Amino acid sequence: MGWTHYQKGLAIMMVVTGSFNTLSVKYADRQVVAGDDGELRHFTHPFMQSSFMFIGEMMCLLVFKIAFCYYSRLGNGTVDTSNLTKGSRTFSPLILFIPAACDMTATSMNYIGLNMTYASSFQMLRGAVIVFTGLLSVGFLNKKMGTREWTGIIFVILGLLLVGLSDFITMKDQKVNTNSVLTGDLLIITAQIITAVQMVVEEKYVAGQDIPPLQAVGWEGVFGFIGIGLLMIPFNYISASPPFADNPRGTLEDTVDAFVQIGNSGRLLMAIIGIMLSIAFFNFAGISVTKELSATTRMILDSVRTIVIWAFSLAFQWQKFHYLQLIGFSILFIGMSCYNNVVIPQLVRKCQCRLGRHNPPADEERVVNTAADDLEETR
């Protein structure tokens, strides 16, 4: 069964806006702008970037409310059939509080790590979420993993090691601060543990609620923004040094300095606006793809996003090409495909079928659009 135009639009939206979001964050990190003390510095404000991301997610709730009011006034039942508003309206928003808290923590750690490492490595290392999600699913959801799942996890770990090795070699060639980049990589991998917790919680408590995608993203944005806003109060007084922070006050976050830098640079302002808008569309598209197609389809599209980010980083010389990263990504993709039972397993079965070893399964043609019941949430 082919995809509808709406599903194709969601897939394209997810790849484009997801790639644009990561590149916007990295572009903002690379800007050197005068701060509160007049000194030129890189924009090292990961917690402020997280707050802007949650503002973008909150916009989805506003769009939902506008669409809901519009379709309700039509009085023709469109409110229950429109892709923007259909779904349950009896859930409690508090059910999204824990996922939002996980999202807030993971996003902040991801942005700190992204500030220290390469954009393509950041996207590839996020594949570690499969390892932690699989292990947590066994422990807390009582799921059983077979040979295919364990094989996928082993391939993912091998791919991650090769990506990390390529970063180390690239750093040596470019004389980059090794400790900073490796710390960034470790922070990104650690953030995937938090993301895995979020995914397990969503599968256990949120997946069956049939929450409208715009509303789900919007409420997570509300809780996330409130949380990161409260945390930034003490962060403005906690001492920190580079590479974790670089501002006139020498604190973990300097909100005033962040706004001064944004006001002093039109490019930085455009990057911030890009972060807000792209994350709103990306999260809506991601959740919609999971509901309309499958979580495995979302995984494939996320892999396409990694290729786009990597190609852009190479084209604009944000990093240099190293063959180990290509090998690492290929192995990582094979691992993700094996774990989610898409693409690679189907190709293996098709080859076995042509060799006459067994009859093909009825759903062999559905390589990408495979059924899945996970509600995956990614940033």
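Look above for the structure.
Fair warning: this is a prediction, and the values are worked out from it, not measured in the lab.

Asker: Would you mind going over the packing of aromatic side chains with me for this structure?
Answerer: One pair of aromatic rings is described through two measures. These are the centre distance and the angle between the planes. Counted according to the given criterion, the structure contains 9 aromatic pairs. Measuring from ring centre to ring centre gives 4.7 Å for phenylalanine 47 and phenylalanine 235, while their planes differ by 50 degrees; the resulting arrangement is tilted. On the criterion of sequence distance, the pair formed by phenylalanine 47 in helix H2 (residues 46-74) and phenylalanine 235 in helix H8 (residues 213-235) is long-range, its members being 188 residues apart. Given the relative accessible area of 6%, phenylalanine 47 is considered buried. Residue classification places phenylalanine 235 among the buried positions, given a relative accessible area of 15%. Ring plane angle 80 degrees and centroid distance 5.6 Å describe the contact between phenylalanine 312 and tryptophan 318, whose orientation is recorded as edge-to-face. Taking relative accessible area as the criterion, phenylalanine 312 reaches 28% and is therefore assigned partly exposed.

Asker: How should the side chain of histidine 45 be read in this particular structure?
Answerer: Tracing the sequence through the fold places histidine 45 in the loop between strand S2 (40-42) and H2. Leave out the neighbours within four places in its chain, and histidine 45 touches Asn247, Glu253, Asp254, Asp257, Ala258 and Gln261.

Asker: Explain the nonpolar core here, please?
Answerer: Generally speaking, soluble globular proteins have nonpolar side chains that are buried together. In terms of nonpolar packing, the biggest core is built from 76 residues, with Phe43, Phe47, Val156 and Ile272 touching the most fellow members. By residue number, the principal contributor to this core is helix H10 (residues 266-292), which donates 12 residues. The contact partners of valine 156, leaving out residues within four places of it in the chain, are Gly127, Ile130, Val131, Leu332, Gly335 and Met336. Residues Val129, Leu136, Ala196 and Val200 belong to the second largest nonpolar core, which totals 6 residues.

Asker: How should the environment of threonine 190 be read in this particular structure?
Answerer: With respect to the helices and strands, threonine 190 occurs in helix H7 (residues 178-206). In this structure threonine 190 comes out as partly exposed when scored by relative accessible area, which is 35%.

Asker: Would you mind showing me how to read the pattern of salt bridges here?
Answerer: If the charged atoms of two oppositely charged side chains come close together, the side chains can form a pair. Inspection of the entire model under this criterion finds 4 salt bridges. The partner of arginine 41 in a salt bridge is aspartate 246, with the nearest N and O atoms 3.4 Å apart. Of the two residues, arginine 41 is situated in strand S2 and aspartate 246 in the loop between H8 and helix H9 (255-264); the sequence distance between them amounts to 205 residues. Classification of aspartate 246 by relative accessible area gives partly exposed; the value is 27%. For glutamate 149, the salt bridge is made with arginine 148, and the minimal N-O distance between the two is 2.8 Å. Connected via shared salt-bridge partners are Asp37, Arg41 and Asp246.

Asker: Mind showing me how you'd approach the environment of serine 288 here?
Answerer: Checked against the element boundaries, serine 288 lands in helix H10. Once the C-alpha coordinates of serine 288 and leucine 84 are considered, the two residues, 204 residues apart in sequence, prove to be 9.5 Å apart. Beyond its immediate sequence surroundings of up to four residues, serine 288 is in contact with Tyr6, Leu10, Pro213 and Leu293. Here the side chain of serine 288 touches phenylalanine 284 through a polar contact of 2.7 Å, landing on its backbone oxygen.

Criteria and cut-off values
- Residue positions are given per chain, counting from 1 as you read along its sequence in written order.
- Two thresholds apply to this predicted model, a pLDDT of at least 70 for residue-level local features and 80 or more for giving and counting side-chain atom pairs, whereas whole-chain, interface and lining totals are computed over all residues.
- Hydrogen atoms and water are omitted, and side-chain values are computed over all heavy atoms in the structure.
- In this scheme Phe, Tyr and Trp rings, the latter by its six-membered ring, pair at centre separations within 6.5 Å, and the angle between planes marks the pair as stacked below 30 degrees, edge-to-face above 60, and tilted otherwise.
- Counting from the N terminus, the helices are the DSSP runs of H or I reaching at least four residues and the strands are the DSSP runs of E reaching at least two.
- Exposure is judged per residue with a 1.4 Å probe applied to protein chains only, and the accessible area is read against the type maximum: over 50% gives exposed, under 20% gives buried, and values in between give partly exposed.
- A contact between two residues is defined here by any heavy atoms of the two lying within 4.5 Å.
- Remark: nonpolar core denotes a set of buried residues (Ala, Val, Leu, Ile, Met, Phe, Trp, Tyr, Cys) joined through side-chain atoms within 4.5 Å.
- Should a side-chain nitrogen of Lys or Arg be within 4 Å of a carboxyl oxygen of Asp or Glu, the pair is scored as a salt bridge.
- Polar contact criterion, stated in full: a pair of N or O atoms within 3.5 Å, where within protein one must be able to donate a hydrogen and the other to accept it, and residues adjacent in sequence count only if both atoms are side-chain atoms.

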